[in-house]
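Here's the letter readout for the chains.
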Amino acid sequence: MASVSFTSPDGSVITIEAADGEKLMKVAKQNGVPGIVGACGGNLQCATCHVIVPSEHLAKLSPPEADEQLKLAETAYPREENSRLSCQIIISDALDGLSVVVAPYQR
Amino acid sequence: MKLQSVAIIGGGHAGDELIGLLREHDFEGDITLFDASTQGPYERPPLSKGFLKGDSSTESLSTRSPAFYDRVRVQLRRGVTVTSVEVSEQGVRIISDQGPALECDAVVVATGMAPRIFDLPGSTASGIHYLQSLEDAVLLRDALPDAASVVVVGGGFIGSESASSMSQRGLNVTLVESGSRLMKRAVSESVSHAFQRQHEAAGVRLMLNSGLASVSSEEGRVVGVETINGEKINADLVVASIGVRPRTEFLDQTGIVLQNGFVIVDEEGRSSHPRVFAAGDVALFPNPRGFGEPTPIPSVDNASWSANIVVRGLLGTSAPEKRPAPTFWTEQYGLQVQIAGLIEPHDHSVIRGNEQGSSFSVMHYFAGKLVAIEAVAAQSDYQAGAKAISSGFTIPPEVAASSDVNLSDFVFSASQGRRSEG
């Protein structure tokens, strides 16, 4: 289990207790986090689950794989240095306390 | 028209997206979701893939947590089938098989597709399965441990994927398809052949240009089938994936313009009646290429995109300027093809890489313009192609054909160039 927080473009903050093994994108969708689209269901096809990870939280995550790097070039809101696709982040204990900012727009 | 209440008919991907998006766009009125399923919105792509293989549970398919529906204040009418709709200038009245009629200001039809059912000698025997809903998938999955052999009828995405999943579970699978190759309406010949090689390597028997003549049973249970070529095949189960039709019969008396059951809608998802919208598989939007006949686009990507459009149409907010290329994908035996754009019509195609190998792409052109890419285990090419198509940029055929050129670099530098020009 990990407690993860999303700050949405509308300013709302939603904190969720997420189960291990789940995709961060799916956790957001299941709980209706505003601004996360996830149109392809987490198959790295759409780049619509774009989140930005504040620097102080980066250490919790392993860096993006090559496929995610490629897809990050396609996000509607321009990629930032700490941008990630939340479908490629898998919940584990190590993520406890993670906080991410949902990209201002996804399409 | 100031909306106070919206009803959504259908709890598939489009209906599910609509709920969240209406609230994200600050709609404060009543939302009612009519869902014929009692299971609630769930993910459909895994049904013929991981779910059938036994990799995922029913619970893991839920798209939302129970708390979500409370938070977004949706009236969920689960297990309820809408039987008719009355539309007038003043509003919409929805009549269902359970509970009182609902009066609302606007309705979104997102009922999806119903499977075509066999009408053959013997086709009422038990052991004949369809694969459209979660309920169907559970019935089939639970029948698999007691089965040794299965005949899959229909080699579209769903039929081909379920043949792959059941073969990987160790079943003896025969796949019967009426066309000359698998997934003929969705992918080009090279891609069909790449997947056919996977099926054959896994020991699946492919019977192309064939079909069922009858189903034979003993004591009401399937024991085999006979093909139109007269061949008899033993089978414990038959899985039929022989086509779909839009679930829109309940609109028949409304005067809303349909085409083969699909709801014809404008760029904002509005039907011929201003209070009736459609999203997902049942909606027939203007062709995303900007010309040509409207074409059904059955995919989760389209469900999500159309929900986004319809919400803007309902609430009168502006629509995004240009539609990104529609995308599709399938995965069988671990091999994935990703498709961006509509393949038909095209007048020229280029193969990138070795189509007999484990990774290649097919780029399709129409009137000199890149219109679609199919990427078989070629993520980088796919990303580049999808980006180019969505932005209306054409990768010249000679560039596409050259394996020496990195397409991502090419598209990226071209888009940078265009930006500096503009």
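Quick look at the structure, then. The model shown is predicted, which means the values in this text are computed figures rather than measured ones. (Residues numbered from 1 in each chain as written. Chains lettered and ligands numbered in written order. Predicted model: local features only at pLDDT ≥ 70, side-chain atom pairs only at ≥ 80, totals over all residues. Heavy atoms only, no water.)

Listed by partner, the interface residues are 27 residues for chain B and 21 residues for chain A. Summed over both partners, the interface of chain B with chain A buries about 2,000 Å², with 39% contributed by carbon and sulfur atoms. Where chain B meets chain A, there are 2 salt bridges. Glu-17 of chain B is the partner of Lys-29 of chain A in a salt bridge, and the nearest nitrogen-oxygen pair spans 2.2 Å. Counting across the interface, chain B meets chain A through 12 residue pairs in polar contact (both at pLDDT 80 or more). Only α1 (13–24), α3 (66–71), α7 (300–315), β22 (327–332), β23 (335–341) and α8 (379–390) of chain B provide two or more residues apiece to the side of chain B that touches chain A. A class-by-class count of the residues in the side of chain B that touches chain A yields 7 nonpolar, 13 polar and 7 charged. (Contact = heavy atoms within 4.5 Å. Buried area = accessible area lost by both parts, 1.4 Å probe. Salt bridge = Lys/Arg side-chain N within 4 Å of Asp/Glu carboxyl O. Polar contact = N/O pair within 3.5 Å; in protein donor to acceptor, adjacent residues only side chain to side chain. Helix = DSSP H or I, 4+ residues; strand = E, 2+ residues; numbered from the N terminus. Nonpolar A, V, L, I, M, F, W, Y, C, P; charged D, E, K, R; others polar.)

What follows concerns the environment of Asn-354 of chain B. Residues and elements named next belong to chain B. Among the structural elements, Asn-354 can be located in the loop between β24 (348–353) and β25 (360–366). Here the alpha-carbon distance between Asn-354 and Ser-403, two residues 49 residues apart in the chain, equals 9.8 Å. Beyond its immediate chain neighbours, meaning those up to four positions away, Asn-354 contacts Ser-359 and Phe-360. Separated by 2.8 Å, the side chain of Asn-354 and the backbone nitrogen of Gln-356 make a polar contact.

Residues and elements named next belong to chain B. What you see with strand β16 (residues 237–240) is no split at all: Leu-237 and Val-239 on one side and Val-238 and Ala-240 on the other are buried throughout. Pairing analysis gives 3 bridges linking strand β9 (residues 128–130) to β16, with the strands arranged parallel. Bridging from a neighbouring strand, His-129 pairs with Val-239 of β16. Across 4 bridges, strand β10 (residues 149–153) lies against β16 in parallel orientation. Within the sheet, the bridge partner assigned to Val-153 lies in β16 and is Ala-240. (Buried < 20%, exposed > 50% of the residue type's maximum accessible area, 1.4 Å probe, protein only. Pairing = 2+ DSSP bridges.)

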